[in-house]
Amino acid sequence: MRNFKRTALLLTLPASLVAICLYAAPILQVLALSVTEPKPGLANYQNLFANAAVGRVVVTTLKVSIMTTVLTVVASYIVAFAIIHMSAGLRRVSLFLVLVPFWISVLVRAFSWITILRRRGVLNGALMETGVISSPLDLVYNLLGVTIGMVHYMMPFAILLLYANLSDIDRRIMQAARSLGARPATIFWRVWLPLSLPGLALATLFVFVFSLGFLVTPALLGAGKTLMIAEYISVQISSTSRWDLATSLSTMLLLVVGIIVFAAMRSPALRAAFVARPQQ
Amino acid sequence: MRPRPIIEVGLPRILAWCLLGFLFVPILVVIPVALTDRDYLSLPQDGISLQHFAALADWSKGWLPSMLTSAGIALACAAIATALGVAFAVGAWAAGGWWPSLMRILLLSPMIVPPIIYAVGMVKLWARLSLLDSYTGVVLVHVVLALPLTVLAIGASLSNLDQRLVQAARSLGARPMTVFGKVILPNILPGVAAGALLAFVASWDEITVTLFITGRAVVTLPRRIWTSIQDAVDPALAAIATVLLVITVLALIARSLIERRQRQRL
């Protein structure tokens with residue numbers, strides 16, 4: 001009997017070793033370097049808070065992340081809500097339209113947006129040809145372009161999450177509300193919305209946390225002009241070798257993400273959403 | 001009489017279709033750009049041309065070597081991550097207790113912790129172990145990033161498995177490894193296959209950490225695309241994007257066909 005359990009525990013060892021040596025250790029080293037490089041102490045953090053450039057980057061990151069989160073969650077809820085009310089055929093079409101962007105490389109998506117939004121891009125070209133505008137608009141390599149790209153990246157993910165959550169809601173509750181004389185708007189605000197709150201909270205949490213530390217889309221669609229934390233960290237290690245800045249900023253980012261996730265897990269609604277198995 | 005669902009009231013439904021269009025249509029722009037007859041990023045001017053797809057097959061242009069590099073790394077990553085993931089998920093399922101739960105949290109954390117933080121840590125570690133810009137270094141990092149997916153996929157399969165099957169095998173005298181190999185494994189094969197596929201895709205697409213731990217020697221496809229996007233001139237970029245788009249669409253269609261056939265068989 002004991003032999004069985006020992007073998008089972010042995011099986012967990014290889015992956016655990018990989019996770020400890022190749023994941024936990026390097027991240028702990030980032031934390032350690034932030035208080036030892038170049039010399040022991042909290043000087044790096046003092047510099048971090050006094051650094052005006054870092055301040056601007058943090059403000060940009062918060063601005064983009066909050067805008068992205070609000071737009072993504074609202075838009076995704078509208079789509080997910082529509083999908084669960086569709087006929088089986090239309091639902092298959094809609095899910096296909098969500099799954100293609102969900103699975104396709106983030107780089108392909110960023111590239112599509114650059115092609116569409118740049119000064120000599122598809123959209124500006126079309127608008128100029130039809131005479132709507134006389135000189136090209138700045139649609140990318142700024143806050144607008146980054147936000148469009150981020151919302152486009154996050155939406156399929158949020159839609160699938162909300163769709164799974166909304167599908168689990170018992171429709172008989174709506175029938176009950178209707179048979180008791182509630183009007184459609186009342187059913188939405190008083191029944192659907194409260195029941196969707198766990199899913200909405202989970203989507204908000206994930207989108208916000210992903211946005212805070214996102215590198216690819218902001219870097220490609222911001223092109224150094226709209227600088228967010230991840231790209232700022234990347235510049236510190238690849239061009240200027242400022243390990244003090246990179247590691248202390250990484251530590252702060254990890255701390256913020258950790259606090260958000262920890263706080264979220266304390267809410268029973270979110271815990272329930274996590275325990276409930278996400279579809280697929 | 002069935003009352004009309006409120007979504008039929010119109011505006012929300014129209015809005016939903018517009019948003020679905022916003023998700024899908026912009027990606028299609030890569031197709032006309034890939035067919036341009038010019039040698040810079042543009043829509044076709046005086047007709048279409050397949051020259052940029054031909055460039056993808058030209059070894060010296062670098063796209064083909066990058067595709068092979070990525071495919072090789074993704075295969076190695078999928079094999080290792082699946083083996084580690086199966087062993088872990090099955091062991092944790094059979095043993096239970098605090099150690100597997102703790103390790104599960106650690107193994108899943110790459111899904112939440114921003115990859116940029118991991119990238120900073122791995123640059124330091126690989127520099128010390130001289131594994132920067134090496135195939136081994138990239139495969140190991142991709143394994144760590146793919147493990148959450150394999151563990152989740154296999155864990156989902158295991159949660160449908162009846163514990164009494166294991167008890168029956170053990171009471172009949174099967175040795176532990178026999179139970180794992182001959183009783184549990186055959187029952188979770190769909191989960192294992194799903195995990196392997198997810199690990200392959202995760203590695204094939206990985207860019208954030210790869211960007212920091214590779215240089216001239218190991219150029220994965222995403223890395224090659226990244227550089228090309230920053231230059232923003234070569235239409236071959238649109239051609240590779242089109243190829244990736246077609247592969248994604250075909251894979252999704254194949255999946256829905258397989259699912260439909262399975263449903264019919266039931």
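Residues numbered from 1 in each chain as written. Chains lettered and ligands numbered in written order. Predicted model: local features only at pLDDT ≥ 70, side-chain atom pairs only at ≥ 80, totals over all residues. Heavy atoms only, no water.

So, on to the overall build of chain A. When helices and strands are counted, chain A shows 13 helices and zero strands. From first element to last, N terminus to C terminus, chain A shows the α and β order α-α-α-α-α-α-α-α-α-α-α-α-α. In terms of overall dimensions, chain A has C-alpha extents of about 80 × 70 × 30 Å along its principal axes. Expressed as a percentage of its 280 residues, the buried residues of chain A come to 51%. Within chain A, contacts between residues separated by at least 24 positions form 71% of all contacts whose residues are at least 6 apart in sequence. Of the roughly 13,100 Å² that chain A leaves accessible, carbon and sulfur atoms contribute 68%. (Helix = DSSP H or I, 4+ residues; strand = E, 2+ residues; numbered from the N terminus. Buried < 20%, exposed > 50% of the residue type's maximum accessible area, 1.4 Å probe, protein only. Contact = heavy atoms within 4.5 Å. Areas by Shrake-Rupley, 256 points an atom, 1.4 Å probe, with all protein chains shown as cover.)

Examined at the domain level, chain B breaks down into domain 1 (35–52 + 235–266) and domain 2 (68–221). Between domain 1 of chain B and domain 2 of chain B, the C-alpha centre-to-centre distance is 29 Å. (Domains from an automatic or database assignment.)

Further remarks concern the interface of chain A and chain B. On the chain B side, the residues contacting the 86 residues of chain A number 83 residues. Summing both sides of the interface, chain A and chain B together bury roughly 7,800 Å²; the carbon and sulfur share of this comes to 84%. On the chain A side of the interface with chain B, the three residues burying the most area are Phe-4, Tyr-23 and Phe-111 of chain A, jointly 11% of the side's total. Our count for the chain A to chain B interface comes out at zero salt bridges. Counting across the chain A and chain B interface gives five residue pairs in polar contact (both at pLDDT 80 or more). (Buried area = accessible area lost by both parts, 1.4 Å probe. Salt bridge = Lys/Arg side-chain N within 4 Å of Asp/Glu carboxyl O. Polar contact = N/O pair within 3.5 Å; in protein donor to acceptor, adjacent residues only side chain to side chain.)

In this section: the pattern of salt bridges. Applying the stated criterion across every chain yields a total of eight salt bridges over all chains. Measuring nitrogen to oxygen at the nearest pair gives 2.6 Å for the salt bridge that ties Arg-119 of chain A to Asp-138 of chain A. Taken together, the positions of Arg-119 of chain A in the loop between helix H5 (106–117) and helix H6 (122–129) and Asp-138 of chain A in the loop between H6 and helix H7 (143–167) put the pair 19 residues apart, joining distant regions of the chain. Between Asp-37 of chain B and Arg-38 of chain B there is a salt bridge, with its nearest N and O atoms 3.6 Å apart. By relative accessible area, Arg-38 of chain B is classed as partly exposed at 25%.

The step from Glu-37 of chain A to Pro-38 of chain A runs through a cis peptide bond, and the omega angle for that step is -5°. Looking at the element boundaries, Pro-38 of chain A is found in the loop between helix H1 (2–36) and helix H2 (43–50). With a phi close to 55°, Ser-241 of chain A is a non-glycine residue in the positive phi region. Structurally, Ser-241 of chain A can be placed in the loop between helix H11 (229–238) and helix H12 (243–266). Of note in the backbone geometry, Ser-130 of chain B takes a positive phi value of approximately 50° without being a glycine. Tracing the backbone through its elements, the reader meets Ser-130 of chain B in the loop between helix H6 (115–128) and helix H7 (135–158).

Residues and elements named next belong to chain A. As far as domains go, chain A holds domain 1 (1–36) and domain 2 (52–275). Just the C-alpha atoms count here: the centres of domain 1 and domain 2 sit 32 Å apart. Listed as interface residues are five residues of domain 1 and, on the opposing side, five residues of domain 2. Buried area between domain 1 and domain 2, both sides added, is near 410 Å², and the carbon and sulfur share of it is 81%. On the domain 1 side of the contact with domain 2, Val-30, Leu-31 and Ser-34 bury the most area, a combined 74% of that side's loss. Taken together, the links from domain 1 to domain 2 amount to zero salt bridges. Taken together, domain 1 and domain 2 are joined by one residue pair in polar contact (both at pLDDT 80 or more).

Turning next to the packing of aromatic side chains. A full pass over the atoms with the stated rule returns 16 aromatic pairs over all chains. Judged by centre distance (5.3 Å) and plane angle (85°), the rings of Phe-81 of chain A and Phe-188 of chain A are edge-to-face. Taken together, the residues span a long stretch of sequence, with Phe-81 of chain A in helix H3 (residues 52–84) and Phe-188 of chain A in helix H9 (residues 184–212) at a distance of 107 residues. Take Phe-188 of chain A: its relative accessible area is 15%, and that puts it in the buried class. Each ring, one from Phe-96 of chain A and one from Phe-24 of chain B, has its centre 6.2 Å from the other, and the planes form 50°; the classification is tilted. Taken as a pair, Phe-96 of chain A in helix H4 (residues 88–103) and Phe-24 of chain B in helix H1 (residues 11–28) lie in two separate chains rather than in one. The class for Phe-96 of chain A is partly exposed, based on a relative accessible area of 26%. Among the aromatic residues, ring-to-ring pairing joins Tyr-77, Phe-81, Phe-188, Trp-189 and Trp-192 of chain A into one connected group. The ring of Phe-4 of chain A has Arg-170 of chain B lying over it, and the distance from NZ or CZ to the ring centre is 3.9 Å. Between the NZ or CZ atom of Arg-224 of chain B and the centre of the ring of Trp-63 of chain B, over which it lies, the distance is 4.2 Å. (Phe/Tyr/Trp six-rings, centres within 6.5 Å; stacked < 30°, edge-to-face > 60°. Lys NZ or Arg CZ within 6 Å of the ring centre and 35° of its normal.)

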